[in-house]
Amino acid sequence: MASVNRPNKQQNHPLDDLIRKDRIPHIWCPGCGIGTIFASCLTAIKECVATGKNGFDLDKFVMVSGIGCSGRAAGYVKLDSFHTTHGRAIPFATGLKLANRDLNVIVFSGDGDLFAIGGNHFIHAARRNINITVICVNNLNYGMTGGQVAATTPYNAKTTTTPAGNAENPFSLPLLAYASGATYVARWTMLHTRDLTVSINEALSKKGFSFIEVLSPCPVNYGRRNKEKPLETLKLYQEKSIIKNGADPSELDIDMEKGIILGKFVDIDKPTHSEKYDKLYRIE
Amino acid sequence: MTENTTESRVLTGEHFMTGDIACAEGALAAGCRFFGGYPITPATEIAEQISLRLPRVGGTFIQMEDEIAALTSVLGASWAGLKSMTATSGPGFSLMMEAIGLGLCTETPCVIVNVQRAGPSTGLPTQGAQADMMQARWGSHGDYEIIVLAPSSPQEIFYQTITAFNLSETFRLPVIIMTDEIVGHMSEKVIIPEAGKIETVNRLRPKGRKDRFKLFEPDPNGVALMPAAGDGYKIHVTGLTHDEKGYPVMTVEAQAEMMARLTGKIRNNIDRIIQTEELFLDDAEIVFISYGVSSRTCLEAMAMARSKGIRAGFLRLITIWPFPDDQIRALAKRVKALITVEINLGQIHREVKRCAEGKAPAYLVGHPGGTVIPPERVLAMAEEVL
Ligand SMILES: Cc1ncc(C[n+]2csc(CCOP(=O)(O)OP(=O)(O)O)c2C)c(N)n1
Ligand code: SF4
Ligand SMILES: [Mg+2]
């Protein structure tokens, strides 16, 4: 019973003020990467507000999620937060942002949500350069529904709906974002928390459509079926990742043999949807 | 119509305009500031008109990538505090069912217009029908109450669009306007009053202590106050079953409580919501029941019947859902027959029959879609059943 190392329950966590503590415990499994990515996101928001740059105001930060394990983030963050329908976080965020440009809108959701059912919304929001930040937790499968194949599942990987291996090829998310017109594109893993936090901070400060893919273990549904023990996935992230800022977006396929390229791939300036709309439609 | 547009929000004056244009102008007069759309015949003109007019009055128009995105963006804009709307026809209306459910569950005010065309599927894209009436009531999954209006002329579309916004802001839910290709595309005189003479309602926003605020705690009318994103209330809004605070609660009890809130605010305010028009009902032996474009058929049929000595009356439904059960029940007790006239195969007829409960026989003059019903068919039915 001597719980010397157990943290004091009363102790405050530095992110306490950004968490709905009355909704804890959360639903995420032990060994899941979502919580770490969520924490990076909250840290970046805190840093943005602390610097006072860009007129950042905590009251104006909004988080929008779709449906999935990752999509539950909106339910734990103490910001104005919207847990929408499967795949529709981006159009909901588009409405919020166009209706009130003072809002700093973050979409936090899963790979299935953002790139299968919501894939069309993603490419159009990027094309329009809607001034929002999209963070995708890519765990290579549909975690919430028990581990089915996703648009990001590697070729030949086992899922509950690809019992003999995935016959399809996955999207390269940064390539898709780049090709669709995003102004900021990066990829990290949940192990690279410091880089990720810096990257989210940059994305939030960036004017335009920003996208960050974050690789994340789903030991319960993906790892188990693909002979990856929880720690082994993290080891892969450590050993197989190569940080290569500015890498050619066409060379970002996830290939565990060749290595996974991480970094910031796109960081460009161009007018946002609202800027262009005003120019054409709100002539004085 | 587009060359007539001015910078003013309310186009006060006498116009000759289509139902679709009248809808766009009604929305602007009601205070609409966001429109998320997707083109579809015969509703496209609403989006076209509003794409030109909205930015000039400080609003925003966007053509989204599909109707799912269109209505979802409307819900987002509504939570940012703007009166918001979309307009579509059958195929797009089908795609909107998901977001209608989210709007109902999260009590989000907005207006959806369905300019009906004949279905199923792509059907007759350029020809009218009234066959989405049950879809408007039950199209999204789960139980719910919803408000659906069916105007029958461009002038009425103008006013009912304002009413739709007012009801959606009052009761915090998506309100649906069901017009059809015929009324949507017909041009008639539309009188637009001065802005000051138009009654508009805005959702009530909270003012009190932010830490104690409960997002879905009903007021005496059964409707909760609604802050906007960015107001500092740190709200959580979810399509999961939730408690008064807005937090997800996955229990049978929470489901029952939420359903009571969602349905109660409509069921307990039926008298404030339902609008009908009664014509010659006092001495009527037979009553026509209709709505939208088919009302015009009934007016003509009633005149023809009266000239032949048949005491025909007409109950015009302006609100379709919630359904005026009591009114039809009362009618059934004192008339010889009820005839429902609609361009479908008997959707509202079913409801009339249900309410008539065998007290009076209920008949249908229906149509598979594509054109209006000639009044002669209604007259013939009246003569046959009397
Ligand atoms: C319209 C619709 N279809 C299917 C589902 C079931 N569903 C819930 S979550 C999910 C997939 C989520 O996958 P992802 O976005 O990758 O999130 P993860 O759980 O992996 O974080 C699905 C298919 C749903 N909620 N709605
Ligand atoms: S199922 Fe997978 S993604 Fe979902 S919480 Fe568990 S580990 Fe995380
Ligand atoms: Mg996933």
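The preceding data block contains the structure.
Bear in mind the structure is a predicted one, so any value in this text is a computation, not a measurement. (Residues numbered from 1 in each chain as written. Chains lettered and ligands numbered in written order. Predicted model: local features only at pLDDT ≥ 70, side-chain atom pairs only at ≥ 80, totals over all residues. Heavy atoms only, no water.)

Chemist: Would you mind showing me how to read the site of ligand 2 here?
Modeler: Around ligand 2 sit W28(A), C29(A), C32(A), I34(A), C69(A), N139(A), G143(A), C218(A), P219(A) and N221(A), and that is every residue in its neighbourhood. Residues belonging to the shell around ligand 2 are distributed by class as follows: seven nonpolar, three polar and no charged. (Near = heavy atom within 4 Å. Nonpolar A, V, L, I, M, F, W, Y, C, P; charged D, E, K, R; others polar.)

Chemist: Is there a simple way to explain the coordination of the magnesium ion (ligand 3) in this structure?
Modeler: Six octahedral donors at a metal ideally form angles of 90 or 180 degrees, and four tetrahedral donors ideally form angles of 109.5 degrees. All names here are of chain A. Every protein donor of the magnesium ion (ligand 3) is accounted for by D111 (OD), N139 (OD1) and N141 (O), and the metal-donor separations fall at 2.0 to 2.2 Å. For D111, a relative accessible area of 2% gives the class buried. With a relative accessible area of 6%, N139 lands in the buried category. (Donors = N, O, S within 2.8 Å, 3.2 Å for Na, K, Ca; no water. Buried < 20%, exposed > 50% of the residue type's maximum accessible area, 1.4 Å probe, protein only.)

Chemist: I would appreciate a short explanation of the site of ligand 1 in the present structure.
Modeler: Residues and elements named next belong to chain A. If you check the shell around ligand 1, you find 16 residues, and the closest are C69, S70, D111, D113 and G143. Taking D111, its side chain carries an N or O atom lying 2.8 Å from an oxygen atom of ligand 1. In the model, an oxygen atom of ligand 1 is placed 2.9 Å from a nitrogen or oxygen of the M144 main chain. A total of 590 Å² of accessible area belongs to ligand 1 in isolation, and the protein chains cover 74% of it. Looking at which element gives the most residues to the shell around ligand 1, the answer is helix 3 (residues 111-117), with four residues. Here the residues of the shell around ligand 1 sort into five nonpolar, nine polar and two charged. (Polar contact = N/O pair within 3.5 Å; in protein donor to acceptor, adjacent residues only side chain to side chain. Areas by Shrake-Rupley, 256 points an atom, 1.4 Å probe, with all protein chains shown as cover. Helix = DSSP H or I, 4+ residues; strand = E, 2+ residues; numbered from the N terminus.)

Chemist: What exactly am I supposed to notice about empty space enclosed by the protein here?
Modeler: One water molecule sets the probe size; rolling that probe over the atoms shows where empty space is left. Residue and element names in this part refer to chain A. A complete count under the given rule lists five cavities of 30 Å³ or more for this structure. By volume, the largest cavity is sized at about 110 Å³. What lines the largest cavity is a set of 13 residues, and nearest its centre among them are L140, Y222, E228, T233 and Y237. Of the residues in the lining of the largest cavity, the class split is eight nonpolar, four polar and one charged. (1 Å grid on protein atoms, 1.4 Å probe; cavity = no way out; pocket = protein on both sides within 12 Å on 5 of 7 lines; lining within 4 Å. Points joined across faces, edges and corners; volume = space filled by probe spheres on them.)

Chemist: Any chance you could explain the packing of aromatic side chains here in plain terms?
Modeler: How two aromatic rings sit relative to each other is set out by the distance from centre to centre and by the angle between their planes. Under the criterion given, the structure shown has 15 aromatic pairs over all chains. Ring geometry for F122(A) against F211(A): centres 5.0 Å apart, planes inclined by 75 degrees, an arrangement best described as edge-to-face. Of this pair, F122(A) sits in helix 4 (residues 119-128) while F211(A) sits in strand 6 (residues 210-215), and the two are 89 residues apart along the sequence. Side by side, F122(A) and F211(A) carry an identical accessibility label, which is buried. On the basis of an interplanar angle of 40 degrees and a centroid distance of 5.7 Å, the ring pair of W321(B) and F323(B) is categorised as tilted. The class of W321(B) is buried, set by a relative accessible area of 3%. Through successive ring pairs, a cluster of aromatic residues spans W28(A), F38(A), Y76(A) and F108(A). In this arrangement the basic side chain of R23(A) is found over the ring face of Y247(B), its NZ or CZ atom lying 5.9 Å from the centre. The ring of W321(B) has R137(B) sitting right over it, with the charged end atom 6.0 Å from the ring centre. (Phe/Tyr/Trp six-rings, centres within 6.5 Å; stacked < 30°, edge-to-face > 60°. Lys NZ or Arg CZ within 6 Å of the ring centre and 35° of its normal.)

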